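Here is what each chain is made of, one letter per residue.
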Amino acid sequence: MREDPQYAPEHLALEAVRRLGPEAAEWARRTRAAQPHLPPHALAESAIRKFVNRARLSGAVSGAAGLPGAVLDIGVLAWTQARMVLHIAAAYGVDPAHPDRATDLLVLQKVHKVAETARLALGVAAGRERAGALFRGTNTPLARAMLKLSVKLAQMAGVRAAKRVFAKIVPGAAIILGTWANSSATKDLARRSQALYGQRAIGGPPTQRQP
């Protein structure tokens, strides 16, 4: 993501589904086996509580961490949110490991407004050249790439005040994401996810992973 920051959210979404989708599916299977009468909404709520708490804990980065640490902090928040969305999908019987969940992530996190543009961007990100070729022949410094990455991930994580993030990065200060900001953005994302997957559970059978 650092070396292809323009498509950082798409790379994160693709990797999240690959790595975290099976984990979410297994969590839902185990929980249903242990509590067979637990309704999907209650199962989703348990996941939300867990990951909102994790979002709070990822709250702040010290000034000594510098820009790489600040980018890491935002990345951890975006990754935690992606994991939560996939668990919510699993709670409602929607396959969290299906490739379409990457599209869902980008739309739910408001990186893209509609699924079609999200799918197009995912296709571009998946087919990019190797990292070393991306900036060949340019004068783009690493710091500029890191800055672009931080803003992209901040937008994905729901940190909409991108200008404030930018202002804090430029002088080299760390980004301080208060626990209230992390939890608020994560709760908003959770509600959108519940609305999407809850409606799918009502409107039709669970999405099945393609072989």
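The structure reproduced in this document is the subject of the present report. What you see is a predicted model, and the numbers here were worked out from it, not measured in a lab.

Describing the overall build of the chain
Looking only at helices and strands, the chain features nine helices and zero strands. Each helix and strand of the chain, placed in order from N terminus to C terminus, yields the pattern α-α-α-α-α-α-α-α-α. Going through the 211 residues of the chain one by one, you find that 45% of them count as buried. Contacts in the chain between residues far apart in sequence, at least 24 positions, make up 79% of those at least 6 positions apart.

What about the nonpolar core?
Counting 38 residues, the largest nonpolar core has Ile 88, Leu 105 and Tyr 197 as the members making the most contacts within it. Among the secondary structure elements, those contributing two or more residues to this core are helix H1 (8-34), helix H2 (40-57), helix H3 (66-91), helix H4 (100-108), helix H5 (115-126) and helix H9 (179-203). No other element matches H3, which puts ten residues into this core. The residues contacting Ile 88, other than those within four sequence positions of it, are Ala 44, Ile 48, Ala 190, Ser 193, Gln 194 and Tyr 197.

A few points about the environment of Ala 121
Position of Ala 121 among the secondary structure elements: in helix H5. When near neighbours in sequence (up to four residues on either side) are disregarded, Ala 121 contacts Tyr 7, Glu 10 and His 112.

Details of the environment of Ala 47
Structurally, the position occupied by Ala 47 is in helix H2. Placed 40 residues apart in sequence, Ala 47 and His 87 show a C-alpha to C-alpha distance of 6.4 Å. For Ala 47, the contacting residues outside a window of four places in its chain are Trp 27 and His 87.

A short note on the pattern of salt bridges
Applying the stated criterion to the full structure yields eight salt bridges. In this structure, Glu 45 engages Arg 191 in a salt bridge whose closest nitrogen and oxygen atoms are separated by 3.1 Å. Placement of the pair is Glu 45 in helix H2 and Arg 191 in helix H9, with a sequence separation of 146 residues. Judged by its relative accessible area of 18%, Glu 45 falls in the buried class. A single network of salt bridges, built from pairs that share partners, joins Glu 15, Arg 18 and Arg 19.

What counts, and at which threshold
- Residues numbered from 1 in each chain as written.
- Predicted model: local features only at pLDDT ≥ 70, side-chain atom pairs only at ≥ 80, totals over all residues.
- Heavy atoms only, no water.
- Helix = DSSP H or I, 4+ residues; strand = E, 2+ residues; numbered from the N terminus.
- Buried < 20%, exposed > 50% of the residue type's maximum accessible area, 1.4 Å probe, protein only.
- Contact = heavy atoms within 4.5 Å.
- Core = buried A, V, L, I, M, F, W, Y, C linked by side-chain atoms within 4.5 Å.
- Salt bridge = Lys/Arg side-chain N within 4 Å of Asp/Glu carboxyl O.

Distances and angles like these do not, on their own, reveal function.
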